[in-house]
Amino acid sequence: MSQKRIYLCLAHMSEAGMEQKYVKEAFDTNWVVPLGPNVNGFEDDLKQFVAEVKSDECQVQSELASKEVVALSSGTAAVHLGLLACGVGPGDEVIVQSFTFCASSHPITYLGATPVFVDSERDTWNMDPELMEEAIKDRIAKTGKKPKAIVPVALYGMPYRIDRIMEIANRYGIPVVEDAAEGFGSMFGGQVLGTFGEYGVLSFNGNKMITTSGGGALICPDMAAKQKIMWYATQAREAYPYYQHEAIGYNYRMSNVCAGIGRGQMTVLEDHISHHRRIAQMYKEAFANVEGITYHDEMEGMESNFWLSTILLDESLKVKGEELAYAEAVQGAVGGAAGVVHGGGTVHTDCEPNRNVEAMRLALDKEQIESRPLWKPMHKQPVYKDAPAYVNGVSEQLFKKGLCLPSGPCVTEDDVKRIIDTIVNSIVR
């Protein structure tokens with residue numbers, strides 16, 4: 001009998017089947033449009049969750065209590081509308097983390113603005129606050145105006161140094177849109193990511209901490225901001241007995257059916273976070289004594305959801321099958337990657353994982369275990385070759401050495417042991 005395929009991170013339904021209950025209600029009441037009781041209920045659940053704080057500071061609790069949440073069709077839509085609400089438009093510049101998925105930067109270009117990429121610090125792998133300030137000063141000197149917004153990203157769930165980022169952003173009067181798409185449930189100083197900046201982005205894609213099959217949400221500062229975001233998300237319709245449009249809107253609202261799935265998923269969110277953290281601990285302990293492998297762990301004062309567990313392979317580490325790495329061009333999507341891909345036709349690019357990393361990915365794939373390289377930095381993507389970039393080499397080094405390991409709710413402890421054994425047995429002694 002062949003072994004089961006272990007995927008990187010897949011959704012897991014609640015044992016009580018609460019998702020089916022809410023979805024059935026949507027169909028029974030014919031609420032299958034992009035609004036309805038499930039959308040309202042899901043937003044209320046999210047609002048309550050993000051308002052939780054492990055602090056006795058009354059001001060923080062008061063600020064979090066005023067936060068509102070809008071459920072949207074995707075995390076990308078949330079980034080887009082968050083930037084729009086910050087006034088980003090044609091000719092503007094937005095500082096964004098380079099080490100991230102394209103959903104953090106593409107919405108900047110949707111608005112006719114220019115992304116300004118900032119590299120990472122070595123410990124969190126997220127935006128380097130000191131380099132960020134250098135970028136702000138340089139953009140002001142070169143363009144005569146400050147960037148319109150700042151987008152830090154919680155890479156693989158790891159918190160960014162939001163205290164330092166906010167201190168700098170506030171000093172220059174630049175709003176922060178936190179991309180916590182991968183960091184739902186992660187905390188900095190006992191406060192949920194996505195609640196520090198002007199806006200916060202969440203994602204409920206099929207591979208996130210919880211899922212609505214697709215979908216996302218935008219954490220807003222107050223009810224007035226929420227109302228404006230909802231207006232933009234429903235085609236920006238004016239209050240007339242017919243369709244009147246005085247601004248460009250978008251079809252970004254979450255459906256009542258998808259929100260029903262989300263309401264059920266909220267009942268298992270804490271279990272999912274605990275599971276991811278347990279899996280992370282197993283990887284951490286296993287690789288602590290494996291020379292040449294480093295597990296990426298959280299820093300003091302930070303609490304990661306460990307959406308994905310990640311490791312670095314030292315360049316000197318020898319992996320079986322390195323001679324076969326990059327032997328032929330990839331023809332389709334790798335692993336569980338969804339969507340249509342455009343065949344590049346070449347084996348190599350100017351920035352790619354080292355041969356031992358690719359050999360390890362292939363060794364795991366042969367054993368029906370999905371793994372994936374880290375995000376390729378945006379400043380090394382051909383589509384952004386002309387964008388300003390402030391780099392220190394950190395993200396490029398990490399991309400060349402890093403690998404993401406299965407971490408989701410469907411990954412059992414026995415699965416983790418098999419993954420660890422496969423990695424260890426693939427090393428040349």
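Residues numbered from 1 in each chain as written. Predicted model: local features only at pLDDT ≥ 70, side-chain atom pairs only at ≥ 80, totals over all residues. Heavy atoms only, no water.

Draft legend 1. Up close: the packing of helix α4 (residues 75–85) against helix α8 (residues 223–233). With their axes 11 Å apart at the nearest point, α4 and α8 run at an angle of 120° to one another. As far as their axial angle goes, α8 and α4 are oblique. Here α4 and α8 pass one another in a crossing that is right-handed. Only I229, Y232 and A233 of α8 make contact with α4, whose side of the interface consists of L81, L84 and A85. (Axes fitted to C-alpha atoms, helices over the stretch in contact; angles between N-to-C directions. Helix = DSSP H or I, 4+ residues; strand = E, 2+ residues; numbered from the N terminus. Parallel < 35°, antiparallel > 145°, perpendicular 65-115°, else oblique. Left-handed = near helix turned anticlockwise from the far one by under 90°. Contact = heavy atoms within 4.5 Å.)

Draft legend 2. Geometry of the sheet that holds strand β3 (residues 114–118). One open sheet holds the four strands; their spatial order is β4-β2-β3-β14, and the pairing between them is parallel. Of all the strands in the sheet, the pair left with one neighbour each is β4 (149–151) and β14 (389–390). For strand β2 (residues 93–97) and β3, the ladder comprises five bridges, and the chain directions are parallel. Residue pairing across strands places I95 opposite V116, the latter belonging to β3. (Pairing = 2+ DSSP bridges.)

Draft legend 3. Seen up close, the side chain of K376. When you line up the elements, K376 lands in the loop between β13 (372–373) and β14. D350 is the oppositely charged side chain nearest to the buried, salt-bridge-free K376, at an N-O distance of 4.2 Å. One polar contact links K376 to T349, side chain to side chain, over a distance of 3.1 Å. A polar side-chain atom of K376 sits 3.1 Å from the main-chain carbonyl oxygen of C351. Beyond its immediate chain neighbours, meaning those up to four positions away, K376 contacts T100, T349, D350, C351, Q381 and F399. (Buried < 20%, exposed > 50% of the residue type's maximum accessible area, 1.4 Å probe, protein only. Lys, Arg positive; Asp, Glu negative; His and termini not counted. Salt bridge = Lys/Arg side-chain N within 4 Å of Asp/Glu carboxyl O. Polar contact = N/O pair within 3.5 Å; in protein donor to acceptor, adjacent residues only side chain to side chain.)

Draft legend 4. Quick peek at the nonpolar core. With 59 residues, the main nonpolar core has F42, I95, M132, I150, Y156, F184 and F204 as its most contacted residues. Counting residues per element, this core draws most heavily on helix α7 (residues 162–172), which supplies six residues. In this structure, F204 is in contact with F42, L46, F184, I210, T211, T212, S213, G214, G215, G216, A217 and M254, ignoring residues within four places of it in sequence. Judged by nonpolar contacts, the second largest core, of 33 residues, contains C86, A113, C220 and I229. (Core = buried A, V, L, I, M, F, W, Y, C linked by side-chain atoms within 4.5 Å.)

Draft legend 5. Fine view of the pattern of salt bridges. A complete count under the given rule lists 24 salt bridges for this structure. The shortest N-O distance in the salt bridge between K4 and D415 comes to 2.8 Å. Pair noted here: K4 is in the segment before α1 (18–28) and D415 is in helix α13 (residues 413–425), with a separation of 411 residues, a long-range link. Take K4: its relative accessible area is 44%, and that puts it in the partly exposed class. Its relative accessible area of 8% is what places D415 among the buried residues. Linking E121 and R161 is a salt bridge whose minimum nitrogen-to-oxygen distance equals 3.0 Å. On the criterion of sequence distance, the pair formed by E121 in the loop between β3 and α6 (129–143) and R161 in the loop between β4 and α7 is long-range, its members being 40 residues apart. For R161, a relative accessible area of 25% corresponds to the partly exposed category.

Draft legend 6. Seen up close, α8. Taken as a whole, α8 has its buried residues at A225, K226, I229, M230, Y232 and A233. Within α8, the buried residues cover an arc of 160° as seen down the axis, which keeps them to one side. Of the surrounding secondary structure, the elements contacted by the buried residues of α8 are α2 (37–50), β1 (68–72), α4, β8 (199–203) and β9 (216–220). Among the residues of α8, the N-terminal cap falls to D222, whose side-chain oxygen and the backbone nitrogen of A224 are separated by 3.3 Å. (Arc of directions from axis to C-beta.)

Draft legend 7. How the structure looks around unusual backbone geometry. Phi is positive for N30, close to 65°, though the residue is something other than glycine. Residue placement: N30 occurs in the loop between α1 and α2. Residue classification places N30 among the exposed residues on the basis of a relative accessible area of 62%. Of note, Q368 is a non-glycine position whose phi angle comes to about 65°, a positive value. With respect to the secondary-structure elements, Q368 resides in the loop between α11 (355–366) and β13.

Draft legend 8. Quick peek at a nonpolar patch on the surface. Taken together, the side chains of F27, W31, V32, V33 and L35 present a nonpolar region at the surface, about 440 Å² in accessible area. Among the residues examined, W31 registers a relative accessible area of 34% and is labelled partly exposed. (Patch = residues over 30% accessible without salt bridge, like charges linked within 9 Å, V, L, I, M, F, W, Y side chains within 5 Å. Areas by Shrake-Rupley, 256 points an atom, 1.4 Å probe, with all protein chains shown as cover.)

Draft legend 9. A look at α1. When we look at burial in α1, the residues that qualify are E19, Y22, V23 and A26. Across the axial projection of α1, the buried residues extend over an arc of 100°, all falling on one side. For α1, exposure combined with an orientation more than 90 degrees from the buried face picks out Q20, K24 and D28. Where α1 is buried, its residues contact α2 and α9 (256–266).

Draft legend 10. Just the sheet that holds strand β6 (residues 187–188), in detail. Reading across the sheet, the three strands line up as β7-β6-β11 and stay open at both edges, with antiparallel pairing between neighbours. Edge positions in the open sheet fall to β7 (191–192) and β11 (302–303), since each of these has one partner strand only.

Draft legend 11. Seen up close, the packing of α1 against α9. It is the contact of α1 with α9, at a shortest axis distance of 7 Å, that shows an interaxial angle of 155°. In terms of orientation, α1 and α9 fall into the roughly antiparallel class. Considering how the two elements wind past one another, α1 and α9 form a crossing that is right-handed. Here M18, E19, Y22, V23, A26 and F27 of α1 come into contact with α9, specifically with N256, V257, G260, I261, R263, G264 and Q265.

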